[in-house]
Amino acid sequence: MALKTAQQYEDSLRKLKLKVYLQGELVDNPVDHPIIKPSMNSVKMTYELAQDPQYEDLMTATSHLSGEKVNRFCHLHQSSEDLVKKVKMQRLLGQKTAACFQRCVGMDAINAVDSVTFEMDNKLGTTYHKRFIKFLTMMQEEDLTVDGAMTDPKGDRGLPPSKQEDADLFVHVVERRQDGIVVSGAKAHQTGAINSHWILVMPTIAMGREDADYAVSFVAPADAEGIFYIYGRQSCDTRKLEEGDIDVGNKQFGGHEALMVFDNVFIPWENVLMCGEYEFSGLLVERFAGYHRQSYGGCKVGVGDVLIGAAALAADYNGAAKASHLKDKLIEMVHLNETLYACGIACSAEGHKTASGTYLIDLLLANVCKQNVTRFPYEIARLAEDIAGGLMVTMPSEKDLRHPEIGKVVEKYFRGVASVPTEYRMRILRLIENITLGTAAVGYRTESMHGAGSPQAQRIMIARQGNIEQKKELAKAIAGIPAQ
Ligand code: SF4
Ligand code: FE
């Protein structure tokens, strides 16, 4: 089976024996948990749209391994066009879910691991790439969701992994056996972990010789013995436990992050993709981060489209749509949003082939893309709040609206233009609240800042790739200063 239906995906998750803690309790059935389910629905959308002929070109690709049609989330980019389509697919999914649909971390991980294992084998004579291709074949055949897991808790940021007081603050090899390795540690902020079939672990920073035990990459089933998860809290998450569907802002979709803990997990050699080759750790981080920085030029833009639409509706419902300053604010939001998209497309169009054949984005432009993402969604959110007005955060609840007596009062005093029901106005304001302050704000705001690396990480890459020396030579040539 090359493409799973959305229902088959949901059914396959039910078969997993994930150990998940949420608000201090072990969750019996993550798939049907009201706090988790909206995030599963977002991943489901990556399966659903792949079945829809109108989105086939974006959502699916032809596997370079089998020649079969596969979900683009399981595909290795074979051209710059593939890279562009990836960003377009992510924008589409952002528009359809107004949330983080999570599956990109696995796509970005396989693309990074492919080229790095290939180059590592060439240089060191290891055999990791063959193992990786075996895994990828299964991933494509079974249309798996894979969690690309990179970020370690990191403890004292001033110390390398091997100097931490607690060795588990970075995932590391605790034992090398004839049949495999045993690993311990944790990965933090793991997007979509509870909705994934497998996990692909990568190291989180460039490492030196003394950190060789921490330079480890592997794949494991998400429910492997010794792995457990602690679900991350989100602002307003318990609204999902309430009756009704207005106050939650986005009833159907969401995203999630979790702490993923490895308690002496055995990994057979066939699933190990790096074990001690510390000199390739930095390259893997750079490529994964580069792909994920490209990703944000798609997904955040799609969510931005929904937010801009919601702000425009809020203006309509307030009867203020004709005010020139509101029109101008909407123009500014579109300008910022499309600038992010332009960066996502540019770093893709300027992509190039790596030694394995897989295409890599232009790293400078991908880092510029993400640097802009650390700023523009905040400005877009600020403008949306400006347009929405204070009612977004002072409005009574859905229960008040539905109340047999005070419902009429809510209906009367919170109506804007007479032709639009108060309920619609409340729904739009709650959606803006959800994206800017609620559960989706994790993906749209703070993740825009820190996801795929905090702003300083991009500045380091921009400094490395910016080529100031060459620019000096350009200036010298124009100014008539001899080159040295
Ligand atoms: Fe995909 Fe965006 Fe979520 Fe990352 S934040 S997993 S790129 S939707
Ligand atoms: Fe992310």
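By the naming in an unreviewed UniProt entry, the protein chain goes by 4-hydroxybutyryl-CoA dehydratase/vinylacetyl-CoA-Delta-isomerase and is assigned to Anaerospora hongkongensis.

**What to know about the packing of helix H10 (residues 376-388) against helix H15 (residues 441-450)**
Interaxial distance between H10 and H15 falls to 9 Å at its minimum, and their mutual angle equals 155°. The orientation of H10 with respect to H15, classified from their angle, is roughly antiparallel. In terms of crossing hand, the pair formed by H10 and H15 is left-handed. Residues Pro377, Tyr378, Ile380, Ala381 and Glu385 of H10 form the contact with H15, whose participating residues are Tyr444, Arg445, Thr446, Ser448 and Met449. Counted by class, the contact of H10 with H15 contains six nonpolar, two polar and two charged residues.

**Quick look at a negative patch on the surface**
Taken together, the side chains of Glu165, Asp166, Asp168 and Asp263 present a region of like negative charge at the surface. In this fold, Asp168 is placed in the loop between strand S5 (146-149) and strand S6 (172-176). Accessibility expressed as a relative area gives 36% for Asp168, which makes it partly exposed.

**Quick look at the UniProt feature "domain: HpaB/PvcC/4-BUDH C-terminal" (unreviewed entry) in the protein chain**
In the UniProt entry, the feature "domain: HpaB/PvcC/4-BUDH C-terminal" (unreviewed entry) is given for residues 282-480. As a span, residues 282-480 carries 76% helix and 2% strand, and end to end its C-alpha atoms are 40 Å apart.

**Some points on helix H14 (residues 422-436)**
The end-to-end C-alpha distance of H14 is 21 Å, a good match for the 21 Å that 15 residues give at a rise of 1.5 Å each. The buried fraction of H14 is high, at twelve of 15 residues. Looking at H14, one finds that the buried residues are Thr422, Arg425, Met426, Ile428, Leu429, Arg430, Leu431, Ile432, Glu433, Asn434, Ile435 and Thr436. Structurally, H14 contributes buried residues whose contacts are with helix H7 (281-318), H10, helix H11 (391-394), helix H12 (398-402), helix H13 (406-413) and H15.

**Quick look at the pattern of salt bridges**
On inspection of all chains with the given rule, the structure shows 34 salt bridges. Arg464 is the partner of Glu286 in a salt bridge, and the nearest nitrogen-oxygen pair spans 3.3 Å. Of this pair, Glu286 sits in helix H7 while Arg464 sits in helix H16 (residues 455-465), and the two are 178 residues apart along the sequence. Residue Glu423 is joined to Arg427 by a salt bridge in which the shortest nitrogen-to-oxygen separation is 3.0 Å. Taken together, the residues span about one helical turn, with Glu423 and Arg427 both in helix H14 at a distance of four residues. Among the charged side chains, a network of salt bridges with common partners joins Glu10, Arg14, Asp32, Lys37 and Lys44.

**Brief notes about the sheet that holds strand S11 (residues 258-268)**
Ordered by their spatial adjacency, six strands build an open sheet running S2-S1-S10-S11-S7-S6, and the pairing between neighbours is mixed. Each end of this open sheet is capped by a strand with a single partner; those strands are strand S2 (25-26) and S6. With two bridges connecting them, strand S1 (residues 20-22) and strand S10 (residues 227-231) associate as parallel partners. Across the sheet, Val20 pairs through a bridge with Tyr229, a residue of S10.

**Considerations on the site of ligand 1**
Surrounding ligand 1, one finds Cys100, Phe101, Gln102, Cys104, Thr191, His292, Ser295, Tyr296, Cys299, Lys300 and Glu447. Broken down by element, the residue count for the shell around ligand 1 peaks at five residues, all from H7. Looking at the shell around ligand 1 residue by residue, the class counts come to five nonpolar, four polar and two charged. Shared between two domains, the shell around ligand 1 holds at least three residues of each, these being domain 1 (7-280) and domain 2 (283-467).

**A short note on the packing of aromatic side chains**
Under the counting rule described, the total for this entry stands at six aromatic pairs. Here Phe135 and Trp198 contribute two aromatic rings whose centre-to-centre distance is 5.4 Å and whose plane-to-plane angle is 55°, an arrangement assigned as tilted. Here Trp198 lies in strand S8 (residues 198-201) and Phe135 lies in helix H6 (residues 128-142), a separation of 63 residues in the sequence. Taking the relative accessible area as the measure of exposure, Trp198 reaches 15% and is therefore buried.

**Some details on the sheet that holds S8**
If you walk across this open sheet you meet the four strands as S5-S8-S9-S12, and the pairing is mixed. Strands at the two margins of the open sheet, each flanked by one partner only, are S5 and strand S12 (272-275). Strand-to-strand twist of the sheet, defined as the mean angle between neighbouring strand axes without regard to direction, takes the value 15°. Relative to S12, strand S9 (residues 216-221) runs antiparallel, the two sharing three bridges. Looking at S12, one finds that Phe218 is bridged to Val272. Seen against the sheet, H6 touches S5, S8, S9 and S12 and runs at an angle of roughly 145° to S12.

Definitions and cut-offs
- Residues numbered from 1 in each chain as written.
- Chains lettered and ligands numbered in written order.
- Predicted model: local features only at pLDDT ≥ 70, side-chain atom pairs only at ≥ 80, totals over all residues.
- Heavy atoms only, no water.
- Axes fitted to C-alpha atoms, helices over the stretch in contact; angles between N-to-C directions.
- Helix = DSSP H or I, 4+ residues; strand = E, 2+ residues; numbered from the N terminus.
- Parallel < 35°, antiparallel > 145°, perpendicular 65-115°, else oblique.
- Left-handed = near helix turned anticlockwise from the far one by under 90°.
- Contact = heavy atoms within 4.5 Å.
- Nonpolar A, V, L, I, M, F, W, Y, C, P; charged D, E, K, R; others polar.
- Patch = residues over 30% accessible without salt bridge, like charges linked within 9 Å, V, L, I, M, F, W, Y side chains within 5 Å.
- Areas by Shrake-Rupley, 256 points an atom, 1.4 Å probe, with all protein chains shown as cover.
- Salt bridge = Lys/Arg side-chain N within 4 Å of Asp/Glu carboxyl O.
- Lys, Arg positive; Asp, Glu negative; His and termini not counted.
- Charge placed at Lys NZ, Arg CZ, Asp CG, Glu CD.
- Buried < 20%, exposed > 50% of the residue type's maximum accessible area, 1.4 Å probe, protein only.
- UniProt positions renumbered as here; feature names shortened; annotations may be inferred.
- Expected span 1.5 Å × (residues − 1).
- Pairing = 2+ DSSP bridges.
- Near = heavy atom within 4 Å.
- Domains from an automatic or database assignment.
- Phe/Tyr/Trp six-rings, centres within 6.5 Å; stacked < 30°, edge-to-face > 60°.

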